[in-house]
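Architecture at a glance
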Amino acid sequence: MMSDARLLKALRLEAVDRPPIWFMRQAGRYLPEYRAVRAQAGSFRTLLQTPTLAAQVSLQPLSRFGLDAVILFSDILTIPDAMGLDFQVQEGSGVRLGRPVRTAEDAARLPCLDMSRDLDYVLETIERLRGTLAGQVPLIGFAGSPWTLACYMIEGCGGDFPTARAMVYREPALLEGLLEHLTQAVSEYLCAQARAGADCLMVFDTWGGLLTAADYRRFSLAFLHRIVATLRPTGKPVILFTLGIGDWLPQLMDTGAAAVGLDWRCDPHRSRFLAQEKRVALQGNLDPFCLFAPPDRVSQVTNALLQSFGSEPGYIFNLGHGIRPDTPLEAVSAMVAAVQHFGSS
Ligand code: 1CP
């Protein structure tokens, strides 16, 4: 039964035979089978927007490694794209949004999305995956946090977001208005993903760590709180991940999320200590650069990390951030095998 899946048990803080494993960006460019489908699609955007292909690449890491979860193949930038900002991925030079939001007029022009009309292709991908997975492996739906989406929408590209970060000080009211609008969209998007068949929902707050402590609370954490509260009636567990969370881990644990994701810098012992007190699960946090070591070294580091997290319930193995596109496959296999055999010898 689906509710017996390791991932869902760990999220409920129930005992499991070994930690569940999946990893951020598990469907992506480090896989030759992904690159083949991406080439066949012609562009990243076509790949995203074609449910048969998006479902196919979502399943690739499951077939290759036998992981404990499938994450929907999509991108956090589907929301700005649906709002008319024209999302493009350029070969080698990252992402671009053709129409950035810089003024109150730009913000006022942003439409309220209708999920079943504007993001129907994402919901159709989830429905297909739910059919194929037939309750065997949980499916993770996701979205970007309002602050992280605002960074891309204001800047129009990735990088260190100078325009967005200056707006925190120059035009906080404009920024808050944009974040309100995005909070509504992200909440509705994740509710729609839950209805379509996602078993668990993850919010990527990739750029929350750029803010000061006070601004993190005001411009990111406050909105994460509201998203978690809106999702509660769906009954689906929520995982929150802020890259560079550092000192603010306890506050993230107080949002009501089932689990928090840890980046590679978080100390497993301190995180476990806090999580036990707050009754939340943890997910993380092998350094993605560990996967550039020889396979036997990867196994050693993975085992040491598993030991540090210990065998108490409520732990999900993952990387501390997305897997790098140039990661050797032998290293990934060694990491996965170490987790799958943990505790059995
Ligand atoms: O060329 C290609 O094939 C495109 C590369 C790519 C891929 C594989 C992009 C463009 N997005 C994705 C898929 C993706 N993105 C997934 C599903 C795959 C999986 O996890 O298995 C997910 C969950 C994301 C989420 C995402 N996109 C985040 C949050 C997670 C994180 O890594 O911090 C962010 C920040 C993005 C933006 C984005 N999309 C793509 C790129 C190259 C970027 C980074 C842009 C930048 O900041 O420069």
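Throughout what follows, the structure given in this document is the object of discussion. (Residues numbered from 1 in each chain as written. Predicted model: local features only at pLDDT ≥ 70, side-chain atom pairs only at ≥ 80, totals over all residues. Heavy atoms only, no water.)

1. Describing the packing of aromatic side chains
The cut-off we apply is this: Two aromatic rings from Phe, Tyr or Trp, using only the six-membered ring of Trp, form a pair when their centres are within 6.5 Å; if the ring planes differ by under 30 degrees the pair is stacked, by over 60 it is edge-to-face, and anything between is tilted. Here a strand is any run of E in DSSP of at least two residues, a helix any run of H or I of at least four, and the numbering for each starts at the N terminus. Exposed residues in this analysis have more than 50% of their type's maximum accessible area, buried residues have under 20%, and partly exposed residues fall in between, with area computed by a 1.4 Å probe over protein chains only.
The final tally for this structure, using the stated rule, is 11 aromatic pairs. Centre to centre, the rings of F142 and F204 are 5.5 Å apart; their planes meet at 90 degrees, and the pair counts as edge-to-face. Remark: F204 occurs in strand β5 (residues 200-205) and F142 occurs in strand β4 (residues 139-144); sequence separation between them is 62 residues. Since its relative accessible area comes to 12%, F204 is described here as buried.

2. As for the pattern of salt bridges
Convention followed: Here, a salt bridge means any side-chain nitrogen of Lys or Arg that lies within 4 Å of a carboxyl oxygen of Asp or Glu.
Scanning the model with the defined rule gives 14 salt bridges in all. Measuring nitrogen to oxygen at the nearest pair gives 2.6 Å for the salt bridge that ties R6 to D17. Note that R6 is positioned in helix α1 (residues 6-11) and D17 in the loop between α1 and α2 (32-41), a separation of 11 residues in sequence. For R45, the salt bridge is made with D81, and the minimal N-O distance between the two is 3.0 Å. Of this pair, R45 sits in helix α3 (residues 44-49) while D81 sits in helix α5 (residues 78-85), placing them 36 residues apart in sequence.

3. Quick look at the packing of helix α10 (residues 162-170) against helix α11 (residues 172-196)
Selection rule: Under this scheme, a helix contributes an axis fitted over its contacting stretch, all axes are lines through C-alpha atoms, and angles between N-to-C directions fall in the 0 to 180 degree range. We call two residues contacting when some pair of their heavy atoms lies within 4.5 Å. In the scheme used here, Gly and all other residues not listed as nonpolar or charged are polar, with Ala, Val, Leu, Ile, Met, Phe, Trp, Tyr, Cys and Pro taken as nonpolar and Asp, Glu, Lys and Arg as charged.
Relative orientation of the contacting elements α10 and α11 amounts to 115 degrees, with a least axis distance of 6 Å. Touching M167, V168, Y169 and R170 of α10 are P172, L174 and L175, all from α11. Looking at the contact of α10 with α11, its residues break down into six nonpolar, no polar and one charged.

4. Considerations on helix α15 (residues 295-309)
For clarity, the threshold we go by: To estimate how far a helix should reach, multiply one less than its number of residues by 1.5 Å. Within this analysis, the arc is defined by the directions that extend from the helix axis to the C-beta atoms.
In this model α15 runs 21 Å from its N-terminal to its C-terminal C-alpha over 15 residues, within 8% of the 21 Å that 1.5 Å per residue would give. For α15, every residue scored as buried is listed here: V298, T302, L305, L306 and F309. Here the buried residues of α15 occupy an arc of 100 degrees about the axis, which is enough to place them on one side. When the buried face of α15 is taken as reference, the exposed residues oriented beyond 90 degrees from it are D296 and Q307. Against the buried residues of α15 lie α14 (268-278), β8 (281-286), β9 (315-319) and α16 (329-340).

5. Let's talk about the nonpolar core
Counted only if it meets this: The nonpolar core is taken to be a set of buried Ala, Val, Leu, Ile, Met, Phe, Trp, Tyr and Cys residues, with the residues joined through side-chain atoms within 4.5 Å.
Residues F23, I79, M153 and M335 are the most contacted members of the largest nonpolar core, which totals 136 residues. At 13 residues, the largest contribution of residues to this core is made by α11. Once residues lying within four places of it in the same chain are set aside, the contact partners of M335 are I21, F23, L286, L291, V298, T302, F317 and L319.

6. As for the site of the ligand
Our working rule: If a single non-hydrogen atom of a residue is within 4 Å of a molecule or strand, that residue counts as near it. Identification of polar contacts relies on pairs of N or O atoms within 3.5 Å, with a donor-acceptor requirement for protein atoms, meaning one able to donate a hydrogen and the other able to accept it, and with residues adjacent in sequence counted only if both atoms are side-chain atoms. To be clear on the numbers: accessible area is Shrake-Rupley with a 1.4 Å probe, and residue cover counts the displayed protein chains and nothing else.
In the region of the ligand, 21 residues are neighbours, and Y34, R38, D75, Y152 and H321 sit closest. Between the ligand and the protein, one listed contact pairs an oxygen atom with a backbone N or O atom of R25 at 2.9 Å. Measuring from an oxygen atom of the ligand, one finds a backbone N or O atom of Q26 at 3.0 Å. Considering the ligand on its own, with 890 Å² of exposed area, one finds that the protein chains cover 90% of that surface. The class makeup of the residues in the shell around the ligand is 12 nonpolar, five polar and four charged.

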